[in-house]
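Spelled out from the first residue to the last, the chains are:
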Amino acid sequence: MNDRPNIVLVHGAWADGSCWSGVIERLQAEGFQVRAPQFPLTSLADDVARLRQVLEFQDGPTIVVGHSYGGQIITALGPDAANVVGLVYIAAFGLDEGESLGALLSQGPVTPALVHMFTDEQGYAWLSEDDFVNHFAADVEPARARVLHAAQQALAAAAFNDVMGVPAWKALPSWYLVASNDEAIPPDAERQFAARMNAVTIEIPSSHVAMVSHPSDVASLIKTAADKVGG
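Described in the following lines is the structure provided in the data block. Because the structure is a prediction, the values reported are computed rather than measured. (Residues numbered from 1 in each chain as written. Predicted model: local features only at pLDDT ≥ 70, side-chain atom pairs only at ≥ 80, totals over all residues. Heavy atoms only, no water.)

### Re the layout of surface pockets
- Size it by volume and the largest pocket reaches roughly 460 Å³.
- Forming the boundary of the largest pocket are 22 residues, of which Leu104, Leu105, Gln107, Gly108 and Pro186 lie nearest the centre.
- Elements supplying a minimum of two residues to the lining of the largest pocket: α4 (101–105) and α7 (187–196).
- When grouped by side-chain class, the residues that make up the lining of the largest pocket number 14 nonpolar, six polar and two charged. (1 Å grid on protein atoms, 1.4 Å probe; cavity = no way out; pocket = protein on both sides within 12 Å on 5 of 7 lines; lining within 4 Å. Points joined across faces, edges and corners; volume = space filled by probe spheres on them. Helix = DSSP H or I, 4+ residues; strand = E, 2+ residues; numbered from the N terminus. Nonpolar A, V, L, I, M, F, W, Y, C, P; charged D, E, K, R; others polar.)

What follows is the structure in structure tokens.
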């Protein structure tokens, strides 16, 4: 019987579950049960509902891992996160109660990865190929980065206005990976998120998509969290 916690990986905006493939391979090799579901990105409520759906059929304690906007999703689980025993943030938003993504991002200049973000007629935000390849996934081999761009899932622009309730990190132990070369979320903002949630923190010289360019570092942090809560 595998007594290690399950791992659920939550992708962010402009990505899908396949972005975790390198991390999944490494965690499965260590004997972890791993899920990386697809999230609709239609609203924060819809995304949290999808996460709860996946958590319901996990057999035992579970660690949830969020990248970028995925951090918004795992944070919004709040204090009612059945079976969740730890949170891992990978270059992710870790908002506090009453905050929103839009208000946070408006506090500084637009980051290079988001300069040419555009919203379609249905209200979904997309990234341009140039910004995705050269800034969002700057340390990923360009041909692969273009594939990731082609497979991007757009985020409902209304999600930038969703206000956070009581954050899950106030009730659960947390770990945080800061991507020091991030051009989507300012690294200083990531450090502030990590500090106020009192997260165990590591920092690596990565672009925003650390799980793609540095899967071993990401998998190692997740394993560290799993070993801690499973001990």
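So that's the structure; there's more coming.
### Section: the nonpolar core
- Counting 79 residues, the largest nonpolar core has Leu9, Trp20 and Leu51 as its most contacted members.
- Considering each element in turn, this core owes the most residues, six residues, to helix α9 (residues 215–230).
- When near neighbours in sequence (up to four residues on either side) are disregarded, Leu51 contacts Val8, Val10, Phe39, Val64, Ile73, Ile74 and Leu77. (Core = buried A, V, L, I, M, F, W, Y, C linked by side-chain atoms within 4.5 Å. Buried < 20%, exposed > 50% of the residue type's maximum accessible area, 1.4 Å probe, protein only. Contact = heavy atoms within 4.5 Å.)

### Some details on helix α5 (residues 129–136)
- Listed in full, the buried residues belonging to α5 are Asp131, Phe132, Val133 and Phe136.
- Buried residues in α5 make contact with α6 (142–150).

### Points about the sheet that holds strand β6 (residues 124–126)
- Sheet architecture is open: three strands sit in the order β5-β6-β7, paired in antiparallel fashion. Strands at the two margins of the open sheet, each flanked by one partner only, are β5 (118–119) and β7 (155–156).
- When β6 meets β7, the two strands line up antiparallel, connected through two bridges. Paired with Ala125 across the strands is Leu155, a residue of β7. (Pairing = 2+ DSSP bridges.)

### Some details on empty space enclosed by the protein
- Within the structure shown, the criterion is met by two cavities of 30 Å³ or more.
- By volume, the largest cavity amounts to about 110 Å³.
- Forming the boundary of the largest cavity are 13 residues, of which Trp14, Ser68, Phe93, Leu114 and Phe160 lie nearest the centre.
- Considered class by class, the residues forming the lining of the largest cavity number eleven nonpolar, two polar and no charged.
- In this structure, the second largest cavity encloses a volume near 70 Å³.
- If you go around the second largest cavity, the residues you meet are Trp14, Ala15, Asp16, Ser18, Cys19, Phe132, Phe136, Leu148, Ala151, Val209, Met211 and Val212.
- Going through the elements one at a time, α5 and α8 (210–213) are the ones with two or more residues in the lining of the second largest cavity.
- Tallied by class, residues from the lining of the second largest cavity come to ten nonpolar, one polar and one charged.

### Brief notes about unusual backbone geometry
- The backbone of Trp14 shows a phi angle near 60°, a positive value even though the residue is not glycine.
- Checked against the element boundaries, Trp14 lands in the loop between β1 (6–10) and α1 (21–29).
- By relative accessible area, which is 5% here, Trp14 ends up buried.
- With phi around 45°, Ala91 is a residue other than glycine that occupies positive phi space.
- On the secondary structure map, Ala91 appears in the loop between β4 (84–90) and α4.
- The exposure class of Ala91 is buried, given its relative accessible area of 0%.

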